[in-house]
Protein chains: 2
Amino acid sequence: MSSTREIDALIDMMAKLPGLGPRSARRAVLHLIRKRALLLTPLADLMQTVAVTARECLNCGNVGTSDICDICTSEKRANGELCVVEDVADLWAMERSGVFKGRYHVLGGTLSALDAIGPQELRIPRLIDRVSTENITEVILALNATIDGQTTAHYIADQLDGQVTLTSLAQGVPIGGELDYLDDGTITAAMRARKSL
Amino acid sequence: MSSTREIDALIDMMAKLPGLGPRSARRAVLHLIRKRALLLTPLADLMQTVAVTARECLNCGNVGTSDICDICTSEKRANGELCVVEDVADLWAMERSGVFKGRYHVLGGTLSALDAIGPQELRIPRLIDRVSTENITEVILALNATIDGQTTAHYIADQLDGQVTLTSLAQGVPIGGELDYLDDGTITAAMRARKSL
Ligand SMILES: [Zn+2]
Ligand SMILES: [Zn+2]
């Protein structure tokens, strides 16, 4: 490499981010260097700010800039509905849809025998605590339709059985989804949950 | 979005980098926030350093941290061979292969009637200057096999005709390349340039 040490180090670091690789990291870094004043310096400043201000909500695990996040402090969101997700990215996806008006609980992963992740490694004890202290009437288990996701959903359902209404997201064909591109499991689930017109 | 202003701004900025999009930007930013001390702060520092130190070589257009890059200052690279590339990323790709021992000239793009990019918008005058002052014996036109790339190669070849040996990279099937995955043009070029065994 003819680029010097710091540039190589920057490329290496960018290449390790999820979704990037060496090639896109090189392209991104060249782009940033070309637009140094317009992009690289502001991006560095913004990262520095976020590194100082970002934190996980102590209540739900959402990422924000205060100890308790905006959703947990908003009284409007205290409608008794609690949506349990695996990851902050899932919470953001739900918020973009705008369909859910209650609060969230971010587990921070799924139970996994293989990776030795038990309830204590996730935010499950805190979830059980919240259900009994926050006047929760419905817990929506919005976990991924993976084996670990469903195992985790069943475990949580067992723990909360009888205390609240438990629901999960409907499974089926995505809007605009072409059958040809769907995996067998999705088609099977959609067929079993078919509705009369 | 429940994330706060700076986090949203960081995601927006990352999403505009080449090779990323909104989804990978969100994943990257969440990853960085989770590993704030280990990744986000060092990355911000490194970007700040590169923003201050990075510059284009005044001679060849390579990116480095000095006014004249390492390759242009190295006497070992003054073997009379000059490899002309469109972009710094191409120079880096050549350097990774380790096959070329001479110097480079980065055009900074290709001639394009559509985008009104003429020789003056590229580093072409400087190239012609270098050929006559740097004891160049061979100019290797390593431009992309696109219409604009080849137009640019022909233009440069015309300008330098009679002054130096002009060559270009061989075209053909990439090593490990499966014919089934190659476009027609590559197969045609490889067939026409076939060699006897
Ligand atoms: Zn919260
Ligand atoms: Zn140079």
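Residues numbered from 1 in each chain as written. Chains lettered and ligands numbered in written order. Predicted model: local features only at pLDDT ≥ 70, side-chain atom pairs only at ≥ 80, totals over all residues. Heavy atoms only, no water.

An unreviewed UniProt entry lists chain A under the name Recombination protein RecR, with Sulfitobacter sediminilitoris as the source organism. The Function (unreviewed entry) field of the UniProt record for chain A holds the comment "May play a role in DNA repair. It seems to be involved in an RecBC-independent recombinational process of DNA repair. It may act with RecF and RecO." (UniProt positions renumbered as here; feature names shortened; annotations may be inferred.)

J.: Now, about the sheet that holds strand β3 (residues 81–85) of chain B: what can you tell me, with residues and values included?
T.: All names here are of chain B. The four strands lie next to each other as β4-β3-β5-β6, forming an open sheet whose pairing is parallel. With one partner strand each, in any of the chains shown, β4 (103–106) and β6 (165–168) form the two edges of the open sheet. The mean angle between the axes of side-by-side strands here comes to 25 degrees, regardless of whether they run parallel or antiparallel. Pairing of β3 with β4 involves four bridges; the strand directions are parallel. Bridging from a neighbouring strand, C83 pairs with Y104 of β4. Contacts from helix α6 (residues 124–133) reach β3, β4 and β5 (138–141), with the element oriented near 155 degrees to β4. Docked against the sheet, helix α7 (residues 147–160) engages β3, β5 and β6, running at close to 165 degrees with respect to β5. (Pairing = 2+ DSSP bridges. Helix = DSSP H or I, 4+ residues; strand = E, 2+ residues; numbered from the N terminus. Axes fitted to C-alpha atoms, helices over the stretch in contact; angles between N-to-C directions. Contact = heavy atoms within 4.5 Å.)

J.: Outline the pairing of strand β5 (residues 138–141) of chain A, listing residues and values.
T.: Residues and elements named next belong to chain A. Relative to β5, strand β3 (residues 81–85) runs parallel, the two being bridged by four bridges. Directly across from V84, in β5, lies its bridge partner L141. Note: β5 against strand β6 (residues 165–168), four bridges, orientation parallel. Looking across to β6, one finds that I140 is bridged to T167. With respect to chirality, the unit in which β5 leads through helix α7 (residues 147–160) into the neighbouring parallel β6 is right-handed. (Right-handed = clockwise from strand over helix to strand, strands pointing away.)

J.: An account of the packing of helix α5 (residues 88–97) of chain A against helix α2 (residues 22–34) of chain B is requested, with residue identities and associated values reported.
T.: Taken N-terminus to C-terminus, the directions of α5 of chain A and α2 of chain B make an angle of 135 degrees; their axes are 10 Å apart at the nearest point. Overall, the two elements α5 of chain A and α2 of chain B adopt an arrangement that is oblique. The chirality of how α5 of chain A crosses α2 of chain B is right-handed. Between α5 of chain A and α2 of chain B, the residues in contact are V88, A89, W92 and R96 of chain A and R26, L30 and R34 of chain B, respectively. (Parallel < 35°, antiparallel > 145°, perpendicular 65-115°, else oblique. Left-handed = near helix turned anticlockwise from the far one by under 90°.)

J.: Report on the relation of the copies chain A and chain B, specifying residues and quantitative values.
T.: Superposing chain A onto chain B takes a rotation of 180 degrees combined with a translation of 0.0 Å along the rotation axis, leaving an RMSD of 0.1 Å. The superposition operator between the copies reduces to a two-fold rotation axis. The position closest to the rotation axis in chain A is occupied by the C-alpha of A44 of chain A, lying 2.2 Å away. A shared binding surface is used by both copies, with 100% of the interface residues of chain A retained as interface residues in chain B. (Least-squares fit on C-alpha atoms with pLDDT ≥ 70 in both.)

J.: Before we move on, can you summarise the coordination of the zinc ion (ligand 2) with the specific residues and values?
T.: Residue and element names in this part refer to chain B. In the first shell of the zinc ion (ligand 2), the protein supplies C57 (SG), C60 (SG), C69 (SG) and C72 (SG), at 2.3 to 2.4 Å from the metal. Here the zinc ion (ligand 2) is ringed by four donor atoms whose angles at the metal span 105 to 115 degrees, and the overall shape comes out tetrahedral. In the primary structure, the donors to the zinc ion (ligand 2) are separated according to the pattern C-x2-C-x8-C-x2-C. Its relative accessible area of 2% is what places C69 among the buried residues. (Donors = N, O, S within 2.8 Å, 3.2 Å for Na, K, Ca; no water. Tetrahedral: all angles 85-135°; square planar, octahedral: opposite > 155°, others 65-115°. Buried < 20%, exposed > 50% of the residue type's maximum accessible area, 1.4 Å probe, protein only.)

J.: I'd like a rundown of the state of the cysteines, residues and numbers included.
T.: For the structure on display, the rule yields zero disulfides over all chains. With no disulfide of its own, C83 of chain B has C60 of chain B as its nearest cysteine by sulfur position, at a separation of 11 Å. (Disulfide = S-S within 2.5 Å.)

J.: So, the pattern of salt bridges: which residues are in play, and what are the values?
T.: All chains considered together, the criterion is met by 14 salt bridges over all chains. The salt bridge partner of R126 of chain B is D129 of chain B, with a shortest N-O separation of 3.4 Å. Separated by three residues within a single helix, R126 of chain B and D129 of chain B lie in helix α6, roughly one turn from each other. Taking the relative accessible area as the measure of exposure, D129 of chain B reaches 38% and is therefore partly exposed. Its salt-bridge partner being R130 of chain B, residue E134 of chain B comes within 2.7 Å of it at the nearest N-O pair. Overall, R130 of chain B belongs to the buried group, its relative accessible area being 0%. Linked by salt bridges that have partners in common, R103, R130 and E134 of chain A make up one network. (Salt bridge = Lys/Arg side-chain N within 4 Å of Asp/Glu carboxyl O.)

J.: Kindly report on the interface of chain A and chain B, identifying the contributing residues and their values.
T.: At the interface, 53 residues of chain A touch 53 residues of chain B. Of the roughly 5200 Å² buried between chain A and chain B on both sides combined, carbon and sulfur atoms contribute 73%. Summed over the shared surface of chain A and chain B, the number is two salt bridges. Of the charged contacts in the structure, one is a salt bridge between D87 of chain A and R34 of chain B, with a shortest N-O distance of 3.1 Å. Across the contact surface, chain A and chain B share six residue pairs in polar contact (both at pLDDT 80 or more). When residues of the side of chain A that touches chain B are traced back to their parent elements, those giving at least two are α1 (5–15), α2 (22–34), α3 (36–53), β2 (63–64), α4 (70–73) and α5 of chain A. Looking at the side of chain A that touches chain B, the element that brings in the most residues is α3 of chain A, giving 15 residues. Across the side of chain A that touches chain B, the residue classes break down as 31 nonpolar, twelve polar and ten charged. (Buried area = accessible area lost by both parts, 1.4 Å probe. Polar contact = N/O pair within 3.5 Å; in protein donor to acceptor, adjacent residues only side chain to side chain. Nonpolar A, V, L, I, M, F, W, Y, C, P; charged D, E, K, R; others polar.)

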